[in-house]
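Residue-level structure breakdown
Residue strings, one per chain:
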Amino acid sequence: MSEEIRVRIAPSPSGNLHIGTARTALFNYLFAKKNNGKYVLRIEDTDLDRSSEAFKQNIFDSLKALGLSWDEGPDIGGPYGPYKQSQRFDIYPKYAQMLIDKGYAYECFCSNEDLEKEHEIAKEKKIPYKYSRKCLNLTKEEKDALKAKGIKPSIRFKVDAKELIFNDMVKGELKFDTNLIGDFAIMKSNGTPTYNFAVVIDDMLMKISHVIRGEDHISNTPKQILIYEALGAKVPQFGHLGMILAPDRSKLSKRHGATAVSDFIKQGYLTDALLNFVALLGWAPSDGNEIKNVDEIAADFRINEISSSNSIFEYEKLNWMNGQYIKKMDISKLTDLVLPFLKNYNTSIYSRKQLEHIIEVTREPVTLLSDFENDTYYFFNEPDYTEVDEIIKGDVAKIVLPKFLEQVQNYDFDNEEDIHDKLGELRSYFKENHSFKPKETMWAIRSALTGRTRGADMVATIQILGKDEANKRLKTAINYAQ
Ligand code: GLU
């Protein structure tokens, strides 16, 4: 029987879920889905000072909002828990001891000051730093004496010089000269594991078969492989994804725009659009059609076809894609998502059906859900005429508005076709009798009813506003022009 495919996403809760981590999560999720495997969430909170509950919650919420729910994780458990490293602190020391017993690791009593001095010397000599191995050959008596003084040792992995080769699923064959890696710490003197050690022990015990992560971890991989080998454990397959860069090719950061998934959501991005967009950072659909839901992406996804180069995070493209999703989304679902962005308005003046109608007729030019606040303004507020002052006070409006007011009394507001036809008649009437261009007639009407020169379809707008409101606004506009 072939080995079960098990992947994981292992964020550190030292910040809100980053969009880059969301992409890593998605690729792991897709790989698991494609191979009938399991996708595990592990919270890497060994750095207790930088980790927080709030960040952990943000990671959970953001992954769930994106639909990247896990098969095993801290909240739901699973066969290889606990899934939070801080709850696994009792697991790591025995594996460190095992490595000491086998001669792969040793205790190191160097203080931070000792190590800083070594760093400085290397810097002066302009050579890459490597631990001096001062503590490698301490005798038992020497170690006992240091311990008796109360000095707590860290534990270092002894790195032997060799050429280490592994086949990366994304980058192909990679070679490392381990001679360049100094003996590195696996346990800190306070008894907690370092990242490189905890990650190996956890991946090993959680039976992770494939490690798919950002290439910022690539320099850790040789160290991790050495630990697996020393433990006699099976080395997982690694796949390192190119980095996500800002349009100016620097590291994506807050100064370029949102970087946390929760901030994108707050700004009005749809999670489906976000997910679709991040999938394209490294992956390309075989049919060239970029708009795809997660199931379609999963069906077409091949990890060895992921581009190994960096991807540029183009906010403009994301905006475009978000707009495409807004245009196509089921109207009821879209209305649910838009309503929180209209919290400044009294939306209760309309029925649910009317609200859906408002969203339907305003969605065409919208990029972000937050745009709806401005674009639906005049449905919930009296129009502000400052922007259309000239039109309302102009010669066309002076003639069109009173006539329109008169005509509106006979509109059947339940019948879009009736409004449509009568508006058409009005345009023809002014064209024939006053030589007003149809556009000019409509501008006057739109300006009076909405305070704007552009917006939702006029027939729909008139219908949604209703007879009383249309009357009121037209009278206000006529008075305004006096
Ligand atoms: N905790 C690491 C991070 O957040 C990920 C570790 C890994 O994927 O190996 O960058």
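To be clear, the structure that these remarks concern was listed above.
The sections below set out a description of the structure shown in this document.

Definitions and cut-offs
- Residues numbered from 1 in each chain as written.
- Predicted model: local features only at pLDDT ≥ 70, side-chain atom pairs only at ≥ 80, totals over all residues.
- Heavy atoms only, no water.
- Near = heavy atom within 4 Å.
- Polar contact = N/O pair within 3.5 Å; in protein donor to acceptor, adjacent residues only side chain to side chain.
- Areas by Shrake-Rupley, 256 points an atom, 1.4 Å probe, with all protein chains shown as cover.
- Nonpolar A, V, L, I, M, F, W, Y, C, P; charged D, E, K, R; others polar.
- Buried < 20%, exposed > 50% of the residue type's maximum accessible area, 1.4 Å probe, protein only.
- Helix = DSSP H or I, 4+ residues; strand = E, 2+ residues; numbered from the N terminus.
- Contact = heavy atoms within 4.5 Å.
- Pairing = 2+ DSSP bridges.
- Axes fitted to C-alpha atoms, helices over the stretch in contact; angles between N-to-C directions.
- Core = buried A, V, L, I, M, F, W, Y, C linked by side-chain atoms within 4.5 Å.
- Phe/Tyr/Trp six-rings, centres within 6.5 Å; stacked < 30°, edge-to-face > 60°.
- Lys NZ or Arg CZ within 6 Å of the ring centre and 35° of its normal.

Attention shifts here to the site of the ligand. All residues adjacent to the ligand are Arg8, Ala10, Pro11, Ser12, Glu44, Tyr195, Val199, Arg213 and His217. Measuring from an oxygen atom of the ligand, one finds a side-chain N or O atom of Arg213 at 2.7 Å. His217 places a side-chain nitrogen or oxygen 2.9 Å from an oxygen atom of the ligand. The fraction of the free accessible surface of the ligand (300 Å²) that becomes covered by protein chains is 80%. Residues belonging to the shell around the ligand are distributed by class as follows: 4 nonpolar, 2 polar and 3 charged.

With that settled, the discussion passes to helix H13 (residues 352–362). Of the residues making up H13, those classed as buried are Leu355, Glu356, Ile358, Ile359, Val361 and Thr362. Looking at the buried residues of H13, the elements they touch are helix H12 (331–338), helix H14 (371–375), helix H15 (377–380) and helix H20 (458–481).

The strands making up a sheet associate through backbone hydrogen bonding, with each pair oriented either parallel or antiparallel. Ordered by their spatial adjacency, 3 strands build an open sheet running S3-S4-S7, and the pairing between neighbours is antiparallel. The sheet terminates laterally at strand S3 (105–108) and strand S7 (184–187), the two strands that pair on one side only. Across the sheet, the axes of successive neighbouring strands diverge by a mean angle of 45°, strand direction being ignored. Sheet topology places S3 next to strand S4 (residues 154–157); 4 bridges connect them, and they run antiparallel. If you follow Glu107 over to S4, its bridge partner there is Ile155.

This part takes up the nonpolar core. In terms of nonpolar packing, the biggest core is built from 106 residues, with Tyr39, Phe313, Phe379 and Phe404 touching the most fellow members. In terms of residue count, the dominant contributor to this core is H20 (10 residues). Beyond its immediate chain neighbours, meaning those up to four positions away, Phe313 contacts Ile19, Ile244, Leu245, Pro247, Leu252, Phe264, Phe277, Leu281 and Leu318. Grouped together as the second largest cluster of nonpolar side chains are 34 residues, Ile181, Ile208, Val211 and Leu231 included.

Taken as a whole and judged by the stated rule, the model has 20 aromatic pairs. Ring geometry for Phe430 versus Phe436: centroids 6.0 Å apart, planes at 25°, classification stacked. In terms of burial, Phe430 and Phe436 fall into one category: buried. Ring pairs connect the aromatic residues Phe264, Tyr269, Phe277, Phe313 and Tyr315, which therefore count as one cluster. Across the ring face of Phe184, the terminal group of Lys223 is positioned such that the distance to the ring centre comes to 5.5 Å. Positioned above the aromatic ring of Tyr429 is the side chain of Lys403, whose terminal nitrogen or guanidinium carbon lies 4.7 Å from the ring centre.

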